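Coordinate analysis (summary)
Spelled out from the first residue to the last, the chains are:
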Amino acid sequence: VDACARCLVRIETPTDIPAALALQPHCGADRLVLGGGSNVLFTADFPGLVMQVAIPGIQWLGEDELYRYLSVGAGVNWHALVRWSVERDYAGLENLALIPGTVGAAPVQNIGAYGVELADVCRAVEAYDLEQGRMHRFAAADCRFGYRDSRFKQEASRWLITAVEFALPKVFEPKTDYPGVEAALAAQGAAGPLTPRRLADAIEAVRRSKLPSLEADQPGSAGSFFKNPLVCTELAEALAKRYPALPRYPAGEGRVKLSAAWLIEQAGWKGVRRGDAGVYDRHALVLVNYGRASGADIWALAKEIIASVQERFGITLEPEPLILPRDADSGV
Ligand code: EPU
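Right, let's walk through the structure included here. Here the structure is a predicted model, which means the values were calculated and not measured. (Residues numbered from 1 in each chain as written. Predicted model: local features only at pLDDT ≥ 70, side-chain atom pairs only at ≥ 80, totals over all residues. Heavy atoms only, no water.)

Moving on, we come to the packing of helix α5 (residues 181–188) against helix α6 (residues 196–210). Packing of α5 against α6 leaves a shortest axis separation of 9 Å and a crossing angle of 115°. As far as their axial angle goes, α6 and α5 are roughly perpendicular. Classified by chirality, the crossing of α6 by α5 is right-handed. Touching Val181, Ala184, Leu185 and Gln188 of α5 are Arg198, Leu199, Asp201, Ala202, Ile203 and Val206, all from α6. When grouped by side-chain class, the residues that make up the contact of α5 with α6 number 7 nonpolar, 1 polar and 2 charged. (Axes fitted to C-alpha atoms, helices over the stretch in contact; angles between N-to-C directions. Helix = DSSP H or I, 4+ residues; strand = E, 2+ residues; numbered from the N terminus. Parallel < 35°, antiparallel > 145°, perpendicular 65-115°, else oblique. Left-handed = near helix turned anticlockwise from the far one by under 90°. Contact = heavy atoms within 4.5 Å. Nonpolar A, V, L, I, M, F, W, Y, C, P; charged D, E, K, R; others polar.)

Structure below.
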């Protein structure tokens, strides 16, 4: 999706940040910290300053008997880090293979897939406080990680993440129970013990079978376009009486996670196209751009889906990517 920023500055080292902020008065009041841009939908041009974080580097911090510690620049491509680690037989990141975007964006929405989330391997986050003009290091326990959530998402205009510290476990405890993962491992036909690299390969195969990647021959997408709704147990049970096939996952604290993909598919949206904006035919949670759809076209389709799922199931879906510019309409 094409969009223009009034000003765009690449941040290649933390020392670039004050100079970028000094440009703000010339760029309008709006400010955005951007990673790879793969989880943002621009419904219009951006009337302000975009700081695109491109800080490189993987730094070895040391190890103890349980973990290896790394500090990784926020601009490093996420999947490149996953491949870098599994090629060295380091465990911890393999289930998060092929997620688009950068390392610095990973804590913002606490990326997660196939039973693992960033919070499981994060030791700390270094961020520049754009309001106070100084660096801050947050231990993982202070990052307020939740389902697709963190303090960096809640206070988005305040923090620019510069690096993420990882604690990668030395003992490889493969998580293969997510549907489809064992089958993808079996399809490899490999002998010998399971390695982080083989598990990453299997995860990639599962993802490629249902999600478009960012490769040129694939339709553009922001991955899952809606969050899986968290509802109270009573509501989940009432719905399950009417719809026994509704997938439900216990989420603790009297709450149940429902499958947004299932709700959208049941409401008849899978594979639907509105011009070049569409619902992916292999996964109902993914909105795609088949060519020339604008951000506004994608957002119009998303709102139709929200209204339809609301009418049919009484559940309000929330968008998972960041919708910009923020407005009363976007629900973010
Ligand atoms: N389903 C349908 N129709 C579909 C697809 C799925 O009914 O077209 C139902 C099936 O019952 C399936 C269930 O939905 O068992 C769950 O589907 P899936 O395993 O694909 O997971 P998801 O809940 O749709 C979440 C994440 C993905 C992540 C996968 C795997 C969110 C918003 N999405 O999707 O993350 O890759 O689990 O862990 O939590 C992303 O955030 O961009 C993303 C792709």
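There is more to say after this.
This next bit is on the pattern of salt bridges. Evaluated as defined, the whole model comprises 18 salt bridges. Close ionic contact of Arg197 with Glu87 constitutes a salt bridge, the shortest N to O distance being 2.7 Å. In this pair, Arg197 sits in helix α6 while Glu87 sits in helix α3 (residues 78–87), placing the two residues 110 residues apart along the sequence. Take Glu87: its relative accessible area is 42%, and that puts it in the partly exposed class. Residues Asp276 and Arg273 are paired through a salt bridge, measuring 3.1 Å at the closest nitrogen-oxygen approach. Beyond isolated ion pairs, a larger network of salt bridges with shared partners links Arg83, Glu87, Arg197, Asp201, Glu204 and Arg208. (Salt bridge = Lys/Arg side-chain N within 4 Å of Asp/Glu carboxyl O. Buried < 20%, exposed > 50% of the residue type's maximum accessible area, 1.4 Å probe, protein only.)

It is the contact of α3 with α6, at a shortest axis distance of 8 Å, that shows an interaxial angle of 145°. The handedness of the crossing between α3 and α6 is left-handed. For the pair α3 and α6, contact is made by His79, Arg83, Val86 and Glu87 and by Pro196, Arg197, Ala200, Asp201 and Glu204, respectively. For the contact of α3 with α6, the residue count by class is 3 nonpolar, 1 polar and 5 charged.

With that settled, the discussion passes to the site of the ligand. The environment of the ligand is formed by 25 residues, the closest being Tyr114, Tyr147, Tyr178, Glu265 and His283. Note that an oxygen atom of the ligand is positioned 2.7 Å from one of the side-chain N or O atoms of His283. Within the complex, the protein chains bury 82% of what would otherwise be the 820 Å² of accessible surface of the ligand. Those elements giving two or more residues to the shell around the ligand turn out to be β7 (112–113), α6, β12 (220–224) and α8 (260–266). Along the lines of polarity and charge, the residues of the shell around the ligand split into 12 nonpolar, 6 polar and 7 charged. (Near = heavy atom within 4 Å. Polar contact = N/O pair within 3.5 Å; in protein donor to acceptor, adjacent residues only side chain to side chain. Areas by Shrake-Rupley, 256 points an atom, 1.4 Å probe, with all protein chains shown as cover.)

Here we take up the state of the cysteines. One pass over the structure, following the stated rule, counts 1 disulfide. For Cys122, which is in no disulfide, the shortest distance to another cysteine sulfur is to Cys143 and amounts to 5.3 Å. (Disulfide = S-S within 2.5 Å.)

It is worth stressing that arrangement in space is one thing and function is another; only the former is reported here.
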